[in-house]
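Working through the structure, step by step
Here is what each chain is made of, one letter per residue.
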Amino acid sequence: MSVVTAERPVPQLKRDFEALRKDFPALHQLVHGKPLAYLDNAASSQAPVQVQEAIAEQQRLNHANVHRGVHQLSERSTAAYEGARERVRRFINAASAAEIVFTRGTTESINLVAASFGQRLSTGDEVLITWLEHHSNIVPWQLACERTGARLVVAPIRDDGSLDVAEFDRLLNERTKIVAVAHVSNALGTLNPVAELVAKAHAAGAVVLVDGAQAVPHLRVDVASLDCDFYAFSGHKMFGPTGTGVLYGKRALLETMPPYQGGGDMILTVSFDRTTYNALPYKFEAGTPNITGVVGLGAAVDYLEGIDFAALAAHEHSLLHHATERVLADVPGVRLIGTAPRKASVLSFVVDGIHPHDLGTIVDSEGVAIRTGHHCAMPVMERFGVAATARASFALYNNRDDVDRLVAGLKKAVEIFRG
């Protein structure tokens, strides 16, 4: 599942995922008197103690505003904040730290591109997305189209939840100015052939944004190899804090884009007649940033840099395979939603006669945390004729016991509702 073409060696890569569980304090607690099995990672992953300590140290010792002070705390805070930017740059293999814009998350990153780059859309232009998208990769483009007169076009998905690439190809044309596509579906786990889609879009003259929120915690993402124009992801899905995110953008494009918000660090000079804007990436970082959060994000990147991603892919694939087999074999009336051959570690399903919210409540009583609902992907639910699904999503710290306890909880739900 890796998309890297060149090795970025990190010494002593960690592949003992059972041993890594000790790094996550939240996993070692009781919920309703039962040990926690946390299977809601596609919504938000737990943070390791290394991230928690980095956040605490920043707050205890270095709390000060960045970029503006000459005193020691401000300089330390600035060094930590900008150090995190360089860590992110290295992690995704961007060409320059100027291409790394800090945001509040994937949603804000996509809104930034839709509001700023989207200004160049006009009547007759098209924005091509897919049926797999999270609402955050739908609504900003709807707003951009409403403002500019452009048209939103949607590529369909197949019955197994994979993208219909032939239809994508048919819909891609000279009117397509922007392609916005998920790297991995949050609702189904489908892994899209992003590099292939980017190459096709570029051949048609379109710019590509990739929603990487669900990919970065599981795949080695190399934006240079993908050749995407924009790549967006969130800290809280990659073992970091909430309220943090990244927009990668090719420097040549970011240079031409107008600011997204005004004030604070995004200026060089201000008068009542005229304002000149700051250099990249600060042009897009108005106001005091989430400094402590970004420091925590940098620590999360450090943590992920130490993981053997090939071993991680094998570990998560094994968990997904085990969960799929156990649920199909042991839960009467189950129907899997999303069975694409190329999937990340997401298992989405419904059980005949039992609402997903009831499933979630009962398995929670057994100490198992899953997500139920439409997963901010209502079009996906519509495509499969369901209002909601139950979703178990796995991360590096999960194990087979977590899966078995999920299945036991689902069997209990069936017993309660069917006697």
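Residue numbers here run from 1 along each chain, matching the order of that chain's written sequence. Only residues with pLDDT of at least 70 are given local features in this predicted model, and only at 80 or more are side-chain atom pairs given and counted; all residues enter the totals for whole chains, interfaces and linings. With hydrogens and water stripped out, all remaining heavy atoms of the structure feed into the side-chain values.

**Comments concerning the pairing of strand E17 (residues 389–393)**
Where we set the bar: Only protein chains enter the calculation, and the probe is 1.4 Å; a residue is then buried if its accessible area is under 20% of its type maximum, exposed if over 50%, and partly exposed in between. Helix and strand labels come from DSSP, where a helix needs a run of H or I of at least four residues and a strand needs a run of E of at least two; each type is numbered from the N terminus. If DSSP finds at least two bridges between two strands, the strands pair.
In terms of residue burial, E17 counts as a mostly covered element, since five of its five residues are buried. Going residue by residue along E17, you find Thr389, Arg391 and Ser393 tucked away on one face and Ala390 and Ala392 tucked away on the opposite face as well. Sheet topology places strand E14 (residues 346–351) next to E17; four bridges connect them, and they run antiparallel. If you follow serine 348 over to E17, its bridge partner there is arginine 391. Here three bridges tie strand E16 (residues 371–373) to E17, and the two strands are oriented antiparallel to one another. Across the sheet, residue threonine 372 finds its bridge partner in E17, namely alanine 390.

**A short note on the pairing of strand E6 (residues 151–155)**
The pairing of strand E5 (residues 126–130) with E6 spans five bridges and is classified as parallel. Within E6, the residue paired with isoleucine 129 across the bridge is valine 154.

**Things to note about the sheet that holds strand E4 (residues 100–103)**
Heads up, the rule is: Axis definition: a line fitted to C-alpha atoms, limited for helices to the stretch in contact. Angles are taken between N-to-C directions and run from 0 to 180 degrees.
Ordered by their spatial adjacency, seven strands build an open sheet running E4-E10-E9-E8-E7-E5-E6, and the pairing between neighbours is mixed. The sheet is open, and its two borders are formed by E4 and E6, each paired with just one other strand. Pairs of neighbouring strands in the sheet enclose a mean axial angle of 20°, with direction left out of account. As defined by bridge partners, strand E8 (residues 207–211) adjoins strand E9 (residues 230–234) across three bridges and the pair is classed as parallel.

**Some words on the nonpolar core**
Condition: Working definition of a nonpolar core: buried Ala, Val, Leu, Ile, Met, Phe, Trp, Tyr and Cys residues. They are joined through side-chain atoms within 4.5 Å. Contacts between residues were defined by any pair of non-hydrogen atoms, one from each residue, lying within 4.5 Å.
The biggest cluster of nonpolar side chains holds 61 residues, and the ones touching the most others in it are Phe102, Tyr231 and Leu396. Considering every element that reaches this core, the biggest residue donor is helix H10 (residues 291–305), with six residues. In this structure leucine 396 touches Phe17, Leu20, Phe24, Phe239, Ile307, Leu312, His315 and Glu316, once residues within four positions along its chain are discounted.

**Here's the deal with the packing of helix H4 (residues 106–116) against helix H5 (residues 139–148)**
As a reminder of what qualifies: For classification purposes, an angle smaller than 35 degrees is called roughly parallel, one larger than 145 roughly antiparallel, one from 65 to 115 roughly perpendicular, and anything else oblique. In this scheme, a crossing is called left-handed if the near helix is turned counterclockwise away from the far one by less than a right angle; it is called right-handed if the turn is clockwise. Throughout this entry, Asp, Glu, Lys and Arg are counted as charged residues, while Ala, Val, Leu, Ile, Met, Phe, Trp, Tyr, Cys and Pro are counted as nonpolar. The remaining residues, Gly among them, count as polar.
Interhelical geometry of H4 versus H5 gives an angle of 15° and a closest axis separation of 9 Å. On the basis of their axis angle, the class for H4 and H5 is roughly parallel. The hand of the H4/H5 crossing is right-handed. Contact residues: Ile110, Asn111, Val113, Ala114 and Ala115 in H4; Pro140, Trp141, Ala144 and Arg147 in H5. For the contact of H4 with H5, the residue count by class is seven nonpolar, one polar and one charged.

**Focus on helix H7 (residues 194–203)**
We count it as follows: As used here, the arc is the angular range of directions from the helix axis to the C-beta atoms.
By the burial criterion, the buried members of H7 are Val194, Leu197, Val198 and Ala201. Each buried residue of H7 lies within a common arc of 100° when the element is viewed along its axis, so the set occupies one face.

**Considerations on the sheet that holds strand E13 (residues 334–336)**
Here we have four strands laid out as an open sheet, ordered E13-E14-E17-E16, and antiparallel in their pairing. Where the open sheet ends on each side, the last strands, each with one partner, are E13 and E16. Each strand axis lies, on average, 30° off the axis of its neighbour in the sheet, ignoring direction.

**Comments concerning the environment of valine 66**
Within the element layout of this structure, valine 66 appears in the loop between helix H2 (49–61) and helix H3 (72–92). When the C-alpha atoms of valine 66 and aspartate 222 are compared, they prove to be 29 Å apart, with 156 residues separating the residues in sequence. Apart from residues no more than four positions distant in its own chain, valine 66 is found in contact with Ser74, Ser77, Thr78, Tyr81, Pro289 and Ile291.

**Considerations on the pattern of salt bridges**
Applied cut-off: Salt bridges are defined by distance alone: a side-chain nitrogen of Lys or Arg within 4 Å of a carboxyl oxygen of Asp or Glu.
Following the criterion strictly, the structure yields 29 salt bridges and no others. One salt bridge connects lysine 22 with aspartate 23, and the closest N-O pair in it is separated by 3.8 Å. Judged by its relative accessible area of 60%, lysine 22 is exposed. We classify aspartate 23 as buried; its relative accessible area is 7%. Linking arginine 89 and glutamate 86 is a salt bridge whose minimum nitrogen-to-oxygen distance equals 2.9 Å. Placement of both arginine 89 and glutamate 86 in helix H3 is noted, with a separation of three residues, approximately one turn of the helix. With relative accessibility at 18%, the residue arginine 89 sits in the buried group. Note on glutamate 86: relative accessible area 32%, which makes it partly exposed. Ionic contacts of the salt-bridge type, sharing partners, join the residues Arg87, Arg90, Arg220, Asp302 and Glu305 into one network.

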